[in-house]
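Notes for the structure review
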Amino acid sequence: MAVHIKELTPGFVGEVSGVDLTKPLTPEEAQAIDAGMDRLAVLVFHDQPVTDEQQVAFSLNFGQLERPDNKSNITKAQDRRLSPDLADISNLDRENRLHGRDDRQRLFNLGNRLWHSDSSFRATPAKYSLLSGRIVPAEGGDTEFADMRQAYDALDAKTKAEVEHLICEHSLLYSRGALGFDDDLTEDEKQGFRPVRQSLVRVHPKSGRKSLYLSAHAGRIVGMPTPEARIFLRELNEQATKPPFVYAHKWRAGDIVMWDNRQTMHRARPFDDVGQVRDMRRTTIAGEAMTAEQIAA
Ligand code: OGA
Ligand code: MN
C-alpha cells in the first residue's frame, strides 16, 4: 500500500495512511512523508502503537535526534522516566504516578500551554517534533497548531518590512517568566537557560516560503526597548493564532503527530492533569542551522 496524504487543513495539515510506523520505512515511504512535511507542515498518523525504540527508529528517517538536557528542562537525570532519546510530555513521575498539584515539574510543564516552537531557546533550534499519544485523557488535552507561513503572508506590507531583519532573544526564562515560574528557578537552571538569538522571519530551505518565527520563549528584540518588544510580539502572536491559521488535534491513543517547528507554533490545551493520565512522548529532530548569529557568552 502506498503512502496517502489527505489534507485536513488545505496546505497545512495532512492525515497520512498506508504506512506502518512500527516497521522500518522503505526509502519511498520516508521520501513521501518528508515531501509531505515540506509541502504541509503537520502530519497526523492514526493507529501507530509504537514502542519507544520504534518511535526513535521512525524519527531517524528525518535527521539526527535532539536530546533533552539540563538546558531544555528542570528534570534531573535521576528523575527521568524515559530514555534520553525522548522528551517526556506526560504528567507522570519516574514511578508512573501523577504529578501532584504543586509538583515543580508539573508547574514547569504548564509552559507547554503557551504557543511555542520547540527548543527555539537553543542556538540551533529543532526541525521536526514527533509526538506519540500513548495514553490520552477522556476529555481535553488537544494540541493546537498554528501556521506561521500563512501568518506571515497575512501581514500588511508595512509590518512585513518592519519584521524583516528583526532578531529576537529566546529563553525558557521568558516563557516560564510569563507563568511566574522564574522565581522558582535555581541559579544553575538560570545559567542553563541563557537567551539565544533567532531571526523573526525564517525562510524554508526547500519551498522558499517565509514564516514568522514566534514562540513563548521570545522575550526581547535586539535594539528595541523591552516593553515595546513584548507588546509587539504579543500583537504578532495574537494575529498569528487566529482561527484560520489554527488546527486542533483531538488525540486518540496510538496517534503520532509530526510537525515542522520552523514553520509552525503549537500549544497543549487544558485537561484534568492532576486526575487523569496523559502519557505523551516526543522525539525531536535537530535543526540544521542557526537562524541568527550568536553573541559570545
Ligand atoms: C510538545 C508539546 C503539547 C501537548 O510535545 O512539544 O508542546 O499537547 N506538546 O502536549
Ligand atoms: Mn512543544
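Residues numbered from 1 in each chain as written. Chains lettered and ligands numbered in written order. Predicted model: local features only at pLDDT ≥ 70, side-chain atom pairs only at ≥ 80, totals over all residues. Heavy atoms only, no water.

What follows concerns the coordination of the manganese ion (ligand 2). Octahedral metals with six donors have ideal donor angles of 90 or 180 degrees. Tetrahedral metals with four donors have an ideal donor angle of 109.5 degrees. Note on the manganese ion (ligand 2): its protein donors are His116 (NE2), Asp118 (OD) and His266 (NE2). The metal-donor distances range over 2.1 to 2.2 Å. Each donor residue of the manganese ion (ligand 2) belongs to the same chain, and together they define the spacing H-x1-D-x147-H. In this pair, His116 is assigned in the loop between α3 (104-109) and β5 (128-135) and His266 in strand β14 (residues 264-268), connecting sequence segments 150 residues apart. Considered together, His116 and His266 belong to a single accessibility category, that of buried residues. (Donors = N, O, S within 2.8 Å, 3.2 Å for Na, K, Ca; no water. Helix = DSSP H or I, 4+ residues; strand = E, 2+ residues; numbered from the N terminus. Buried < 20%, exposed > 50% of the residue type's maximum accessible area, 1.4 Å probe, protein only.)

Turning our eyes to something else, we now look at helix α8 (residues 226-240). Taking 1.5 Å per residue, 15 residues should reach 21 Å; α8 reaches 21 Å between its end C-alpha atoms and fits that length. Residues of α8 that are buried include every one of Ala229, Phe232, Leu233, Leu236, Asn237 and Ala240, and no others. An end-on view of α8 places all buried positions within 135° of arc, on one side of the element. Opposite the buried face of α8, by more than 90 degrees, sit the exposed residues Pro227 and Arg234. (Expected span 1.5 Å × (residues − 1). Arc of directions from axis to C-beta.)

On to the packing of aromatic side chains, then. Inspection of the entire model under this criterion finds six aromatic pairs. One aromatic cluster is present, built from ring pairs that chain together Phe45, Phe58, Phe62 and Tyr128. Sitting over the face of the ring of Tyr128, Lys127 holds its NZ or CZ atom 4.8 Å from the ring centroid. The ring of Phe108 carries Arg176 above its face, with NZ or CZ at 4.2 Å from the centroid. (Phe/Tyr/Trp six-rings, centres within 6.5 Å; stacked < 30°, edge-to-face > 60°. Lys NZ or Arg CZ within 6 Å of the ring centre and 35° of its normal.)

Looking at the protein chain, pLDDT values average 97 and 100% of them are 70 or higher. Per-element mean pLDDT across the protein chain ranges from 93 in helix α7 (residues 187-192) up to 99 in strand β3 (residues 42-45). (pLDDT = per-residue confidence, 0-100.)

Pairing in this open sheet of three strands is antiparallel, and the strands run β12-β6-β14 from one edge to the other. One side of each edge strand has no neighbouring strand; the edge strands of this open sheet are β12 (246-249) and β14. Taken over all neighbouring pairs, the strand axes of this sheet differ in orientation by 20° on average, direction set aside. Alignment of strand β6 (residues 143-147) against β12, held across four bridges, turns out to be antiparallel. Each residue of the ladder has a partner; that of Thr143, found in β12, is His249. (Pairing = 2+ DSSP bridges. Axes fitted to C-alpha atoms, helices over the stretch in contact; angles between N-to-C directions.)

Structurally, the position occupied by Ser175 is in helix α6 (residues 172-178). Polar side-chain contacts of Ser175 include one of 2.8 Å to the side chain of His217. In this structure Ser175 touches Leu114, Ala216 and His217, once residues within four positions along its chain are discounted. (Polar contact = N/O pair within 3.5 Å; in protein donor to acceptor, adjacent residues only side chain to side chain. Contact = heavy atoms within 4.5 Å.)

Quick look at unusual backbone geometry now. Unusually for a residue other than glycine, Asp47 sits at a positive phi of about 55°. Within the secondary structure layout, Asp47 lies in the loop between β3 and α2 (52-59). Owing to a relative accessible area of 57%, Asp47 belongs among the exposed residues under this scheme. Positive phi, close to 60°, is recorded for Asn96, a residue that is not glycine. Residue placement: Asn96 occurs in the loop between β4 (87-88) and α3.

Moving on, we get to the site of ligand 1. The full set of residues close to ligand 1 is Ile89, Asn112, His116, Asp118, Leu131, Asp142, Thr143, Trp259, His266, Ala268, Arg278 and Arg282. At 3.0 Å, a side-chain N or O of Asp118 approaches an oxygen atom of ligand 1. Take Arg278: an N or O atom from its side chain is 2.8 Å from an oxygen atom of ligand 1. Coverage of ligand 1 by the protein chains reaches 99% of its 290 Å² of free accessible surface. Taken together, the residues that form the shell around ligand 1 break down as four nonpolar, four polar and four charged. (Near = heavy atom within 4 Å. Areas by Shrake-Rupley, 256 points an atom, 1.4 Å probe, with all protein chains shown as cover. Nonpolar A, V, L, I, M, F, W, Y, C, P; charged D, E, K, R; others polar.)

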